[in-house]
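Structure at a glance
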Amino acid sequence: MAAKNLPMRDALRRALMEEMERDENVFVMGQEVGVWQGTHRVTQGFLEKFGERRVRDTPISEMAIAGAAVGAAMAGLRPVAEMMTINFAFLALDAMINHAAKIHYMFNGQFKVPAVFRAASGWGNQATATHSHTPEVIWAHFPGMYVATPATAGDAYGMLKTAIRNDNPILFSESIGLYPRPGQVPDDPDYMLPIGKADVKREGKHVTLVTYARGLEWCTAAAKELEKDGVQCEIVDMRWLRPLDTATVFESFKKTNRAVIVEESLPFYSFGSEIAAQIQEHCFDYMDAPVKRVSALDVPVPYSHDLELMCFPNAQKVVEAVKSIL
């Protein structure tokens, strides 16, 4: 299959544009998606191409954005609602969790909500405590809401296409730090990746690194460093936090007997906590060492750049965690 090398933001733009060309029921809405062409430039050129009917600039109200998207989806459209950053999506939790995630169940299947809520996630460069969250796991907590967390440009392309065509509400989390990262993107307008399926990004036999989104960068760098000492890391990129592909994690763990879970998010009540519990419950007889976790520190993110960097995971922290269980 032919492929092009594109930054993740361009891969997302291409996927979204192709889906809007394919299906006239798909439209984008959100703060500054039209005239300003998107805060992160994913919707650059969309207003000119599709017009105001399908590229809707909204008020600065995340609850209004999410609420309107839910109503449009129930009426038969396929909205792609952009939240400038995931930090502001907290204001839309009622529409997303109490309505989007539950309507299909509460109306006994008579309604569906095929809405995609795109949100930029993760820490920014000195964006401070209120703008530096990686809280996708909050949405993944609730049944009825799917949560996508791509780590590469190619995955972002295939996962966004799948999300738009799916009939369930989906939080599509895009790591701010990954927008400029280039990757191979298939040159196929029908390229889609399955929902709820993890991907083994690197084969290994000594330890399993379980991660998602930006954590893949840290795990890949750590694996290359550890390889110098003869340690072979297997990297499982979850890609989706809901549905959660524990089968791929278990298969890898039963081969390596050790695991380190790497996430950009906070340590308590977290993705790492869930994966560690699942491994302990289902793979206890295969465990040769305690499951280790590498996450952000349990503090609000400081403004100081040096302190900010100290708060978050990095490749060296992953290397140290791996060495501690070998």
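Note that the structure is a prediction, hence the values are computed from the model and not measured. (Residues numbered from 1 in each chain as written. Predicted model: local features only at pLDDT ≥ 70, side-chain atom pairs only at ≥ 80, totals over all residues. Heavy atoms only, no water.)

**Observations regarding the sheet that holds strand β4 (residues 78–83)**
Strand order in the open sheet formed by seven strands is β3-β2-β4-β5-β7-β6-β12, with mixed pairing between adjacent strands. The open sheet is flanked by β3 (55–57) and β12 (240–242), the only strands paired with a single partner. Strand after strand, the sheet turns through a mean of 20 degrees between neighbouring axes, direction not considered. Where strand β6 (residues 146–148) meets β12, two bridges bridge the pair, whose relative direction is antiparallel. What sits directly across from Val147, in β12, is Arg242. Its contacts with the sheet place helix α3 (residues 62–74) against β2 (26–30), β4 and β5 (116–121), and it is angled at close to 170 degrees to β4. (Pairing = 2+ DSSP bridges. Helix = DSSP H or I, 4+ residues; strand = E, 2+ residues; numbered from the N terminus. Axes fitted to C-alpha atoms, helices over the stretch in contact; angles between N-to-C directions. Contact = heavy atoms within 4.5 Å.)

**Concerning the packing of helix α8 (residues 215–227) against helix α12 (residues 315–325)**
One can describe the packing of α8 onto α12 by two numbers: an axis separation of 8 Å at closest approach and a directional angle of 55 degrees. By the angle class used here, α8 and α12 are oblique. When you trace α8 past α12, the crossing you get is right-handed. In contact with Trp218, Ala221, Ala222, Glu225 and Leu226 of α8, α12 contributes Ala315, Val318, Val319, Val322 and Lys323. Considered class by class, the residues forming the contact of α8 with α12 number eight nonpolar, no polar and two charged. (Parallel < 35°, antiparallel > 145°, perpendicular 65-115°, else oblique. Left-handed = near helix turned anticlockwise from the far one by under 90°. Nonpolar A, V, L, I, M, F, W, Y, C, P; charged D, E, K, R; others polar.)

**Looking at the pairing of β5**
Counting buried residues in β5 gives six out of six residues, a clear majority hidden from the surface. Burial along β5 is two-sided: Val116, Arg118 and Ala120 and Phe117, Ala119 and Ser121, pointing in opposite directions, are all buried. Two strands pair when backbone bridges link them, and β4 and β5 are joined in this way by four bridges, in the parallel orientation. For Val80, the partnering residue across the bridge sits in β5 and is Val116. (Buried < 20%, exposed > 50% of the residue type's maximum accessible area, 1.4 Å probe, protein only.)

**What about unusual backbone geometry?**
The omega torsion across Arg242 and Pro243 is -5 degrees, close enough to zero to call that bond cis. Tracing the backbone shows Pro243 in the loop between β12 and α9 (246–256). Even without glycine at this site, Arg41 takes up a positive phi of about 65 degrees. Summarising the element assignment, Arg41 is placed in the loop between β2 and α2 (46–50). Classification of Arg41 by relative accessible area gives partly exposed; the value is 28%. Here Asn257, not a glycine, exhibits a phi torsion of approximately 70 degrees, which is positive. A relative accessible area of 18% means that Asn257 is categorised as buried.

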